[in-house]
Amino acid sequence: MAINLGIEKPIELTEAQEKGWMKRLIKRAQEIGDKGEVPVCALILDSHGRSIGYGSNSREKGRDPLGHAELIAIRQASRIKGDWRLNDCTLIVTLEPCQMCTGAIIQARVGQVIYGAKDKKRGGLGGAINLATHQSAHHKMKIKGGLMEREIKDLLESWFKQRRTLSRGRKEAQNQIF
């Protein structure tokens, strides 16, 4: 097992590289959204820019409240790396991590987080609360938000609007039966 002594740092990505990774995540998020999952995807890059962890929301499919993209990606990256410390890694995710995921990111000591859309209701990196700057946060990380935010907001808003429409249609059909 390799132990990260903090010598390596997260990779410095160019804006084009960040957008390239985010475009891949958005495409995948659209695909999982079509399958009924909230369209959120995440990946983790090692210090050399290699993807060592990937996750997409799977709460519906797995009936698992912990089926968040970030948690799945962290678990995979830790296994591949052979270490729970991800100081030299970068997490890229379409939506600002929720408070649960932010806690896991802090515990895993992820070195850098890049996210797309801000989550004003549940965001843990400034949208609703900033756990990264809380006095209990023993780990400092680089955070960049707002990458391709408009595209991701449009995707999420469209997905939730479609879900509400489907839900209304089901309720109306049930009312007609009874």
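Residues numbered from 1 in each chain as written. Predicted model: local features only at pLDDT ≥ 70, side-chain atom pairs only at ≥ 80, totals over all residues. Heavy atoms only, no water.

Student: Please set out unusual backbone geometry residue by residue, giving values where relevant.
Tutor: Of note, the phi angle at arginine 109 is positive, near 60°, even though the residue is not glycine. Mapped onto the secondary structure, arginine 109 falls in the loop between helix 4 (99-107) and strand 4 (112-117). Take arginine 109: its relative accessible area is 23%, and that puts it in the partly exposed class. Its identity as a non-glycine residue notwithstanding, methionine 148 has a phi of 55°, on the positive side. Residue position: methionine 148 is located in the loop between strand 5 (142-144) and helix 5 (149-177). (Helix = DSSP H or I, 4+ residues; strand = E, 2+ residues; numbered from the N terminus. Buried < 20%, exposed > 50% of the residue type's maximum accessible area, 1.4 Å probe, protein only.)

Student: Give me the pattern of salt bridges: which residues, what numbers.
Tutor: Across all of its chains, the model carries 11 salt bridges by this definition. Notably, a salt bridge pairs aspartate 46 with arginine 50, separated by 2.8 Å at the nearest N-O pair. Salt bridges linked by common partners bring Lys27, Arg28 and Glu31 together as one network. (Salt bridge = Lys/Arg side-chain N within 4 Å of Asp/Glu carboxyl O.)

Student: Describe the nonpolar core, and please don't skip the residues or the numbers.
Tutor: Counting residues in hydrophobic clusters, the biggest one holds 42 residues, and the most contacted among them are Met22, Ile44, Leu86, Ile92 and Val113. Listed by contribution, the elements that provide at least two residues to this core are helix 1 (15-34), strand 1 (41-45), helix 3 (69-81), strand 3 (90-95), helix 4, strand 4 and helix 5. The greatest single-element share of this core, amounting to 6 residues, is contributed by helix 1. When residues no more than four places from it in sequence are discounted, the contact partners of methionine 22 are Ile92, Val93, Thr94, Ile114, Tyr115, Gly116, Leu147, Met148 and Ile152. (Core = buried A, V, L, I, M, F, W, Y, C linked by side-chain atoms within 4.5 Å. Contact = heavy atoms within 4.5 Å.)

Student: Could you give an account of the pairing of strand 4, with specific residues and numbers?
Tutor: In terms of burial, strand 4 is largely enclosed, as 6 of its 6 residues are buried. The pairing of strand 3 with strand 4 spans 5 bridges and is parallel. Paired with valine 93 across the bridge in strand 4 is tyrosine 115. Considered for its hand, the β-α-β crossover made up of strand 3, helix 4 and strand 4 is right-handed. When strand 4 meets strand 5, the two strands line up parallel, connected through 3 bridges. Looking at the pairing, isoleucine 114 lines up with lysine 144 of strand 5. (Pairing = 2+ DSSP bridges. Right-handed = clockwise from strand over helix to strand, strands pointing away.)

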